[in-house]
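Residue-level structure breakdown
Below, each chain spelled out in residue letters.
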Amino acid sequence: MPSIDLESAKALAGRLFDALLARTRDDPGVTRIAYGDGEQAAFALVAEAASAFGAERTVDAAGNQYLTLPGQDRSRRIVVGSHLDSVPHGGNFDGAAGVIMGVAAQSALAAADRSPAFDVTVACLRAEESCWFPHSYIGSKTALGCLEEGIVDSVCRSDSGDTLAAHIDALGFDAEGVRAGATWLCQEELLAYIEPHIEQAPALVDAGLPMAAVSAIRGSFRYRDMVCRGEYAHSGAMPRHLRRDAAVASARLIVALQALWERLEAEGADLTVTFGQVGTDPGSHSFSKVAGEVRLCLDVRSRDEATLARVEDELQSMAVAISTETGTQFEFGPRSGSRPATMAPHLVSMVNDACRSLNLPVHTMASGAGHDAATFANAGVPSVMIFIRNTNGSHNPDEAMAMADFEAALAALIRMLSRPASDWTPE
Ligand SMILES: [Zn+2]
């Protein structure tokens, strides 16, 4: 039996990254809009690469694509996956690294005539970046047939204003099937979901580690369209006690939540609190006016569901108290969010075993950012992520993953996929 040719697999991945950059370049960086041209180009590129070694290709009602290398036992499967959309002017590796690593691993196994214990399917998932459709994990939820009712007809793409259903149908997929919960991935068949992904923070760079196993993913609640309403007034004439200043009320809420975060952090809770956008309307507001309206976006994340619930409760009470004191009113608008997820311990061990056998440093960490693996884990599919060191963060054109680090993670993935059947079904 020929041995695994890691160099060729890495070279294939390098060619795919280059081609993907060329096809989706949008200086600075790349743009791969969910259900848009860039995402379509990425799907076509990896499908073409997988057809070269005879992978079976299937597409589900929502347009997620599955590329399968047959295993010895075809009744169950191991899924390696990630998403292929990007934020506007994002980097080339966020999402794509996971899919390309899956295809590179399959090609290495196929070239060495190794038939894995079970089918190995690379899942190319749609619409993970919620800047396009403001809803978490659309691709993985449709892949498992668990997209929340009504979402396909209510969520609209930020640039076109058209519904998710309209975009699904426009590309020739089946929105009606998505409404009915149609799936191609049968949950009972899934032994594991493995998502390789670049790290989106500097922890691995800081620690000098090429890769890590991920043990948990933070969940969130978000208010993207909060408004604080007060009353516009003359900045010189209006006395303080008669003001209904939306800027002051918003600032109080921001400071109060920051203080709550500090308190909970001191108690050992895992939490992040971010007001991503805060602003008055320049059309109505000006230098010499008390702010009559402020718009805010709030993103709260934690690994712990109870912490999220506590922060949300306190947020509501703070808003009521501050409104009363300042004569303003907070309107929270639509709420979105995701549940925290725990990765499967036996799969985390498998990643760490692979690192040990390759003489790579062993490291386990949590993910602050959300990923499709959270959907699989919360649906009961044993899941794990492999983080790859990445400089300059992500969601920007400067993200930078070294191919040597990609190679280390690829080697670990191939080791995992080469394990015997009994390792995938622990009691
Ligand atoms: Zn991503």
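Keep in mind that what you see is a predicted model, and the values were worked out from it rather than measured.

This paragraph deals with the side chain of Asp245. Examined against the element boundaries, Asp245 turns out to sit in the loop between β8 (233–234) and α9 (246–266). One buried charged residue, Asp245, forms no salt bridge at all, with the nearest opposite charge on Arg243 at 4.6 Å. Engagement of the side chain of Asp245 in a polar contact is seen with the backbone nitrogen of Val248, the distance being 3.2 Å. Ignoring sequence-local partners within four residues, the contact set of Asp245 consists of Val290, Ala291, Thr326 and Thr328.

This next bit is on the domain arrangement of the protein chain. Per the domain assignment, the segments making up the protein chain are domain 1 (6–218 + 340–424) and domain 2 (220–338). In this structure, domain 1 and domain 2 have C-alpha centres spaced 35 Å apart. Taken together, the 11 residues of domain 1 in the interface contact 13 residues of domain 2. Taken as a group, Ser136, Arg218 and Pro340 account for 61% of the area that domain 1 buries against domain 2, more than any other trio of residues on that side.

On to the layout of surface pockets. In this structure, the largest pocket spans a volume of roughly 970 Å³. In terms of lining, the largest pocket is formed by 38 residues, of which the most central are Ser130, Arg222, Asp299, Arg301 and His395. Of all the secondary structure elements, the ones that give two or more residues to the lining of the largest pocket are β7 (219–229), β9 (272–279), β11 (293–302) and β15 (364–367). Residues of the lining of the largest pocket, tallied by class, amount to 12 nonpolar, 16 polar and 10 charged. Each of domain 1 (6–218 + 340–424) and domain 2 (220–338) contributes no fewer than three residues to the lining of the largest pocket. Put simply, the second largest pocket is a space of about 290 Å³.

This part covers the nonpolar core. Counting residues in each nonpolar core, the largest one holds 88 residues, and the members touching the most others are Leu67, Ile100, Ile194, Met343, Met416, Leu417 and Trp424. Not counting residues within four places of it along the chain, the set of residues in contact with Ile194 comprises Ile78, Val79, Val80, Gly81, Val384, Ile386, Leu413, Met416, Leu417 and Trp424. Formed by 27 residues, the second largest nonpolar core is a distinct cluster that contains Leu253, Leu296, Leu308 and Phe332.

Looking now at the coordination of the zinc ion. Summarising the metal site, the zinc ion is bound by the protein donors His83 (NE2), Asp94 (OD) and His197 (NE2), whose distances to it range over 2.0 to 2.2 Å. Here the donor residues for the zinc ion map to a single chain with the spacing H-x10-D-x102-H. One end of the pair, His83, is in strand β3 (residues 73–83); the other, Asp94, is in the loop between β3 and α3 (96–111), with 11 residues separating them in the sequence. Like His83, the residue Asp94 is buried in the burial classification.

Rules used throughout
- Residues numbered from 1 in each chain as written.
- Predicted model: local features only at pLDDT ≥ 70, side-chain atom pairs only at ≥ 80, totals over all residues.
- Heavy atoms only, no water.
- Helix = DSSP H or I, 4+ residues; strand = E, 2+ residues; numbered from the N terminus.
- Buried < 20%, exposed > 50% of the residue type's maximum accessible area, 1.4 Å probe, protein only.
- Lys, Arg positive; Asp, Glu negative; His and termini not counted.
- Salt bridge = Lys/Arg side-chain N within 4 Å of Asp/Glu carboxyl O.
- Polar contact = N/O pair within 3.5 Å; in protein donor to acceptor, adjacent residues only side chain to side chain.
- Contact = heavy atoms within 4.5 Å.
- Domains from an automatic or database assignment.
- Buried area = accessible area lost by both parts, 1.4 Å probe.
- 1 Å grid on protein atoms, 1.4 Å probe; cavity = no way out; pocket = protein on both sides within 12 Å on 5 of 7 lines; lining within 4 Å.
- Points joined across faces, edges and corners; volume = space filled by probe spheres on them.
- Nonpolar A, V, L, I, M, F, W, Y, C, P; charged D, E, K, R; others polar.
- Core = buried A, V, L, I, M, F, W, Y, C linked by side-chain atoms within 4.5 Å.
- Donors = N, O, S within 2.8 Å, 3.2 Å for Na, K, Ca; no water.

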